[in-house]
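Next come the chains, spelled out residue by residue.
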Amino acid sequence: MTASRQRATVPHQASPASPTSSPAPAAAPAGRPPGEGRLPEERRHMLRRRFLTLLTIVLLIGIPAGYLVISADQSRDSGIDKERESSPVGLQENRPSQMKRRVFEVPIPSGAWNVAYYETSNWKTSRLYVQFTTTAGGLDAYLADSGGSRAALKSGEVSVSGRDADIVGWNFVPSHRWAGATVAHEPPRPTRDITVDLTDPAFPRVYVVSTTSP
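Residues numbered from 1 in each chain as written. Predicted model: local features only at pLDDT ≥ 70, side-chain atom pairs only at ≥ 80, totals over all residues. Heavy atoms only, no water.

Colleague: Before we go on, may I ask you to explain the packing of aromatic side chains in this structure?
Modeller: Any aromatic ring pair is given by two values, namely how distant the centres are and how the planes are angled relative to each other. With the rule as written, the count across this model stands at nine aromatic pairs. Through pairs of rings, three or more aromatic residues link up here, namely Tyr118, Tyr129, Trp170, Phe172, Trp178 and Tyr207. (Phe/Tyr/Trp six-rings, centres within 6.5 Å; stacked < 30°, edge-to-face > 60°.)

Given below as structure tokens:
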């Protein structure tokens, strides 16, 4: 009887762990989701990819646009430089070719003398500068062929601009009797600025600048 009671009072002991079993993985700390330690590294990679993508887009758009702006500036500057470089040559004491007179619509009356011309051309416009001396009848013929008349000339007006006058060395002194008119047309036909020196009405001196835009 005593032996039976002693066996009943012996506490239950857990069986020893199997030598082949592995320990359970450690639980993540409270309040920190699994894998949180990798987020800063992934965020850096994401920001770097975004930066590289933005940089690529800027380069793809900005570089071609920059080349276009530079090319346009160089082309414009080249045209201006060519016009300036050729201006010291000045007026040529000769009649412009028939083709030039036809393109720029600058007829020269028969018998005119002291004829000279000069042509400039750049990326935007082409100009033909012509001067000649003629008779009173020759002036009337010239104006009629140009689509105008003496009535269209405004007394005291110099229609040739100061810039154009400087290019060929024309000097419209105030003491002379000037009359001018502008004969304008829609492109591609030229616009002509006509200035006449009527100081000696029997032998007027004509100055013409014809401008075309290709």
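Colleague: Honestly, the side chain of Glu105 in this entry has me stumped. Any pointers?
Modeller: Looking at where Glu105 falls in the secondary structure, it is placed in the loop between α3 (98-104) and β1 (113-121). Contact partners of Glu105, with chain neighbours within four places excluded, come to Lys100, His185, Arg189, Pro190 and Arg192. (Helix = DSSP H or I, 4+ residues; strand = E, 2+ residues; numbered from the N terminus. Contact = heavy atoms within 4.5 Å.)

Colleague: For this particular structure, what's the right way to read the pattern of salt bridges?
Modeller: Note on pairing: side chains with opposite charge can pair once their charged atoms come close. All chains considered together, the criterion is met by six salt bridges. Across the salt bridge formed by Arg150 and Asp140, the nearest N and O atoms sit 2.5 Å from each other. With Arg150 in the loop between α4 (136-145) and β3 (154-155) and Asp140 in helix α4, the pair connects residues that are ten residues apart, well separated along the chain. Taking relative accessible area as the criterion, Arg150 reaches 35% and is therefore assigned partly exposed. By relative accessible area, which is 36% here, Asp140 ends up partly exposed. A salt bridge links Arg163 to Asp164, with the shortest nitrogen-to-oxygen separation between them at 3.2 Å. A cluster of three or more residues bridged by salt bridges with shared partners is formed by Glu105, Arg189 and Arg192. (Salt bridge = Lys/Arg side-chain N within 4 Å of Asp/Glu carboxyl O. Buried < 20%, exposed > 50% of the residue type's maximum accessible area, 1.4 Å probe, protein only.)

Colleague: I keep staring at the side chain of Arg127 and nothing clicks. Help me out?
Modeller: Tracing the sequence through the fold places Arg127 in strand β2 (residues 126-133). At a separation of 3.2 Å, a polar atom in the side chain of Arg127 contacts the side chain of Thr125. (Polar contact = N/O pair within 3.5 Å; in protein donor to acceptor, adjacent residues only side chain to side chain.)

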